[in-house]
Structures are given as C-alpha cells and as structure tokens.
Amino acid sequence: MAGRDGQEAADDGRHPEVSTREAVAWAVVGGAMVELVKVATRRGAATYWVKSTGQLPPGMKPLADAKSKAPDNAKEPVLAEPAPTSSPRKVSRRNRGR
C-alpha cells in the first residue's frame, strides 16, 4: 500500500526516518483493519450459528427483549448467591450414595 509521495507503508514505526505522525497514522489504520476483521468474523459466525440452529449463540440475548423490558439507564440485576442444595453435615466417603 503506497503512502503519500509514493512511499510504502511504514514497516517499522521505530525507525528514525519515519515521522511520528506517519507511524501513528499507520498504527491507527492497521488497528482499525484488525478490529473490522474481528467484527466481520464474529458477526459471520453468529449469523451462521443462527441459520444452523435457529437460536442465538450461547450467552447472547435478543436485543428486542432487552430493550423492551429494561429502561436505558437500568443496570444488570445482582443475583443473590444460590442456597446450598446439600445438608451442611459432613458425609463420610463410605456413606455417600446410600
């Protein structure tokens, strides 16, 4: 990819002949490209999942439900710790399963 005056992209931003402005510009362009590829890959994977299973990927909530149930300034509810499901007394290994 050619820059201004026919220069190539700054391969090494640490090189003294590359201006700080040029190095920062190429870093921004490179970072933006990486993030665009990440977004496209994740969206493609999610779309494929929905087409294959008919459901959202695990951990993903539908946007329509989230917007209609909670106001914009609402925070996620803090869940209380679950109640213990077993008795507090210790059971020896010999008596487990009996």
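Just above, that's the structure.
Presented here is an overview of the structure given in this document. These numbers were taken from a predicted model, which means no experiment stands behind them.

Cut-off values and rules
- Residues numbered from 1 in each chain as written.
- Predicted model: local features only at pLDDT ≥ 70, side-chain atom pairs only at ≥ 80, totals over all residues.
- Heavy atoms only, no water.
- Helix = DSSP H or I, 4+ residues; strand = E, 2+ residues; numbered from the N terminus.
- Buried < 20%, exposed > 50% of the residue type's maximum accessible area, 1.4 Å probe, protein only.
- Areas by Shrake-Rupley, 256 points an atom, 1.4 Å probe, with all protein chains shown as cover.
- Expected span 1.5 Å × (residues − 1).
- Patch = residues over 30% accessible without salt bridge, like charges linked within 9 Å, V, L, I, M, F, W, Y side chains within 5 Å.
- Salt bridge = Lys/Arg side-chain N within 4 Å of Asp/Glu carboxyl O.

Bringing the overall build of the protein into the picture now. If you tally the helices and strands in the protein, you get two helices and zero strands. Residues counted as buried form 5% of the 98 residues belonging to the protein. Roughly 9,700 Å² of accessible area belongs to the protein as shown, and the carbon and sulfur atoms make up 57% of that amount.

Helix length check: helix H1 (residues 20-53), at 34 residues, gives a terminal C-alpha distance of 49 Å against a target of 50 Å (1.5 Å per residue), a fit within 8%. Residues of H1 that are buried: Glu-22, Ala-23 and Ala-46. The positive-phi residue at the C-terminal boundary of H1 is Gly-54, with phi of around 80°.

On the surface, a cluster of nonpolar side chains totalling about 330 Å² of accessible area is made up of Trp-49, Val-50, Leu-56 and Met-60. By the secondary structure assignment, Met-60 is in the loop between H1 and helix H2 (63-69). In this structure Met-60 comes out as partly exposed when scored by relative accessible area, which is 43%.

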